[in-house]
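# Tertiary structure, described
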Amino acid sequence: MIQKAARDFAQNELKPGVIERDEHQKFPAEQVKKLGELGFLGMMVSEKYNGSGLDALSYVLVMEELSKIDASASVVVSVNNSLVCYGLESYGSEFQKEKYLKPLASGEKIGAFCLSEPEAGSDATSQQTTAEDKGDYYLLNGTKNWITNGGTASTYLVIAQTDRALKHRGINAFIVEKGMEGFTIGPKENKMGIRGSDTHSLMFNDVKVPKENRIGEDGFGFKFAMKTLEGGRIGIAAQALGIAAGAYELALEYSKQRKSFGKAISEHQAIAFKLADMATTIEAARLLVYKAAWLKDQGLPYTLAGSMAKLYASKVAMDVTVEAVQIHGGYGFVKEYHVERMMRDAKITQIYEGTTEIQKMVISREILK
Ligand code: CAA
Ligand code: FAD
């Protein structure tokens, strides 16, 4: 039922303007509002905090369906659900849940997760943003890069270094509100893919963050980021799966209609075998994604499964979208047929929430433990 609701929403609400939004880098504001009304922005949050009280498997089904049509919209769902809401519900104080989680889970407000910096992407422990302890508040200074929902969010989870001598154990996570004095938002990035998504750098200049806005114990910030990203990676894996499946569905349909040398191109073995490879790898990616979500729902460890799902599904997304363009021939190279956008969108799934190389680092460390 949830999958069908997401599929219908993607077809009826996301598909109509998706090419235009991509072309003009337009954030899907109206659509995101409706996603909130459907309960898709706080899917795994308990009803007590205005969430939908659903499980991770339901969440990945929704991510998959939305991503078949519009990965720029689905990344908003991913960040809000699995980074921001999950992080706050799992590790926030009661005060933080009441004040910040509730409007995020209902979709009234949008959140952003701010870990990356100009000099600290994959190497996330080398945070340069500082949060100096001033007694009843922290003084935040530094720059965050590539922040999804950077301009549209109201609530920002910001990771910063409090005690450099303690290295990653001196890092904290804070809730920062848009409008706090000294907090400015840089221009929107002009991107290759997910162009409808709103990516900005953020600047903090002597921003006073009240102590009650620190998440967890002093020094918990890096662990907070890692634990939160473990679930986030399942969401991005589902996004990659959806992009692949969406491109495959279009290529399959097109191959049955387009004729060359007197028959449908799907009847040429070279094309039929491409479809066979696409269908098989998508199914394998789907099983990895569902397994990771299922493990999370069972309360079992999912670090390894989540990283495997992201590593594999993002590669499948890239491979399948390239082949989907190939199957469309010249038509695949123009915007009206959607697959060129999907090919551009697919690439980001190998970069954000831990690059392909970082997933291999996590996987190899897990299997060598
Ligand atoms: N859970 C809990 N703790 C963890 C952990 C996990 N999954 N992974 C690491 N840690 C802890 C370690 O235990 C260690 O703490 P202790 O010393 O107290 O035991 C500490 O974190 C440091 O761990 P490492 O020594 O393994 O650190 P490292 O420097 O080798 O880096 C890394 C680890 C996995 C590579 C990490 O830096 C990383 O994940 N990098 C990628 C960053 C990333 O994914 N960024 C995404 C930004 S958000 C985003 O991109 C959103 C979006 O696009 C939409
Ligand atoms: P680098 O870390 O400089 O990596 C460059 C290359 O070197 C990569 O191929 C990498 O895999 C490789 N590499 C680095 N270290 C190693 C190693 N030890 N071994 C092998 N290879 C290595 N971040 C947020 O915090 N919040 C967001 O909302 C967010 N949204 C994003 C949205 C977009 C559109 C983009 C582009 C990025 C976003 N990011 C966000 C940042 C993203 O998480 C980082 O770009 C990513 O983690 C990689 O960091 P980097 O760009 O600094 O690359």
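From a predicted model like this one, the values you see are computed outputs, not experimental measurements.

Attention now moves to the overall build of the protein chain. Scanning the protein chain for helices and strands turns up eleven helices and ten strands. Taken over the C-alpha trace, the protein chain has a radius of gyration of 21 Å; the compact-globule value for 369 residues is 21 Å, and the two agree within 12%. Its C-alpha atoms give the protein chain principal-axis dimensions of roughly 80 × 45 × 40 Å. The buried share among the 369 residues of the protein chain stands at 54%. Across the protein chain, the fraction of contacts at a sequence separation of at least 24, relative to all contacts at a separation of at least 6, is 73%.

This part takes up the site of ligand 2. Taken together, the neighbourhood of ligand 2 is formed by 21 residues, with Gly121, Ser122, Thr148, Thr355 and Glu357 sitting nearest. Those elements that place two or more of their residues in the shell around ligand 2 are strand E1 (111-114), strand E3 (137-148) and helix H11 (356-368). In terms of residue count, the dominant contributor to the shell around ligand 2 is E3 (three residues). In terms of residue class, the shell around ligand 2 is made up of eleven nonpolar, six polar and four charged.

Our focus in this paragraph is the site of ligand 1. Among the 24 residues in the neighbourhood of ligand 1, the closest are listed as Ala124, Thr148, Met226, Tyr352 and Gly354. The set of elements that each furnish at least two residues to the shell around ligand 1 consists of helix H5 (71-91), helix H7 (221-257) and H11. In terms of residue class, the shell around ligand 1 is built from twelve nonpolar, seven polar and five charged. Shared between two domains, the shell around ligand 1 holds at least three residues of each, these being domain 2 (112-221) and domain 3 (222-368).

Moving on: the UniProt feature "domain: Acyl-CoA dehydrogenase/oxidase C-terminal" (unreviewed entry) in the protein chain. Residues annotated in UniProt with the feature "domain: Acyl-CoA dehydrogenase/oxidase C-terminal" (unreviewed entry) correspond here to residues 221-367. Along residues 221-367, the helical share is 78% and the strand share 3%, with 25 Å between the first and last C-alpha atoms.

Attention now goes to the nonpolar core. Counting 111 residues, the largest nonpolar core has Phe174, Ala244, Val289 and Ala313 as the members making the most contacts within it. When residues in this core are grouped by element, the largest group, 18 residues, is from H7. Non-local contacts of valine 289, meaning those with residues more than four positions away in its chain, are made with Val60, Ile234, Ala237, Ala238, Leu241, Ala309 and Ala313.

Inspection of the secondary structure puts aspartate 297 in helix H8 (residues 269-298). For aspartate 297, a count of 16 C-beta atoms within 10 Å gives the class partly exposed. Remark: the alpha-carbon pair of aspartate 297 and leucine 157, spanning 140 residues in sequence, is separated by 24 Å. Leaving out residues up to four positions away in the same chain, aspartate 297 has contacts with Asp55, Ala56 and Leu57.

Here we take up the domain arrangement of the protein chain. Looking at the protein chain, the domain boundaries give domain 1 (1-110), domain 2 (112-221) and domain 3 (222-368). On a C-alpha basis, the centres of domain 1 and domain 3 stand 20 Å from each other. Contact with domain 1, which involves 25 residues of that partner, is made by 23 residues of domain 3. Mapped onto the side of domain 1 that touches domain 3, the elements with two or more residues apiece are helix H2 (18-24), helix H4 (56-69) and H5. Looking at the side of domain 1 that touches domain 3 residue by residue, the classes come out as 13 nonpolar, six polar and six charged.

With that settled, consider the UniProt feature "domain: Acyl-CoA oxidase/dehydrogenase middle" (unreviewed entry) in the protein chain. Following the UniProt record, the feature "domain: Acyl-CoA oxidase/dehydrogenase middle" (unreviewed entry) maps to residues 112-207 here. Along residues 112-207 one finds 0% helix and 50% strand; the C-alpha atoms at either end are 17 Å apart.

Time to look at the confidence of the model for the protein chain. A low pLDDT score tells you not to read the predicted coordinates there in detail. The predicted model of the protein chain has a mean per-residue pLDDT of 98, with 100% of residues at 70 or higher. In the model output, the complex is listed with pTM 0.98 alongside ipTM 0.99.

Another aspect to go through is H8. Think of an α-helix as turning once every 3.6 residues; residues three or four places apart then point the same way. Counted at 1.5 Å a residue, the expected span for H8 with its 30 residues is 44 Å, and the 43 Å between its end C-alpha atoms agrees. Immediately downstream of H8, the backbone of glycine 299 shows phi near 75°, a positive value.

As a further point, take the packing of helix H9 (residues 303-328) against helix H10 (residues 339-348). Look at H9 against H10: their axes get within 9 Å of each other, and the N-to-C directions meet at 160°. For the element pair H9 / H10, the angle class is roughly antiparallel. Crossing handedness for the pair H9 and H10: left-handed. Contact residues: Ala317, Met318, Thr321, Val322, Ala324, Val325 and His328 in H9; Val339, Glu340, Met342, Met343, Ala346 and Lys347 in H10. A breakdown of the residues in the contact of H9 with H10 according to their chemical character gives nine nonpolar, two polar and two charged.

With that out of the way, let us pick up unusual backbone geometry. Positive phi, normally seen in glycine, also occurs at asparagine 50, with a value near 70°. Position of asparagine 50 among the secondary structure elements: in the loop between helix H3 (29-37) and H4.

Rules used in this analysis
Residues numbered from 1 in each chain as written. Chains lettered and ligands numbered in written order. Predicted model: local features only at pLDDT ≥ 70, side-chain atom pairs only at ≥ 80, totals over all residues. Helix = DSSP H or I, 4+ residues; strand = E, 2+ residues; numbered from the N terminus. Rg over C-alpha atoms; globule rule 2.2 N^0.38 Å. Buried ≥ 20, exposed ≤ 12 C-beta atoms within 10 Å, placed from the backbone. Contact = placed C-beta atoms within 7 Å. Near = placed C-beta within 6 Å. Nonpolar A, V, L, I, M, F, W, Y, C, P; charged D, E, K, R; others polar. Domains from an automatic or database assignment. UniProt positions renumbered as here; feature names shortened; annotations may be inferred. Core = buried A, V, L, I, M, F, W, Y, C linked by C-beta atoms within 7 Å. pLDDT = per-residue confidence, 0-100. Expected span 1.5 Å × (residues − 1). Axes fitted to C-alpha atoms, helices over the stretch in contact; angles between N-to-C directions. Parallel < 35°, antiparallel > 145°, perpendicular 65-115°, else oblique. Left-handed = near helix turned anticlockwise from the far one by under 90°.

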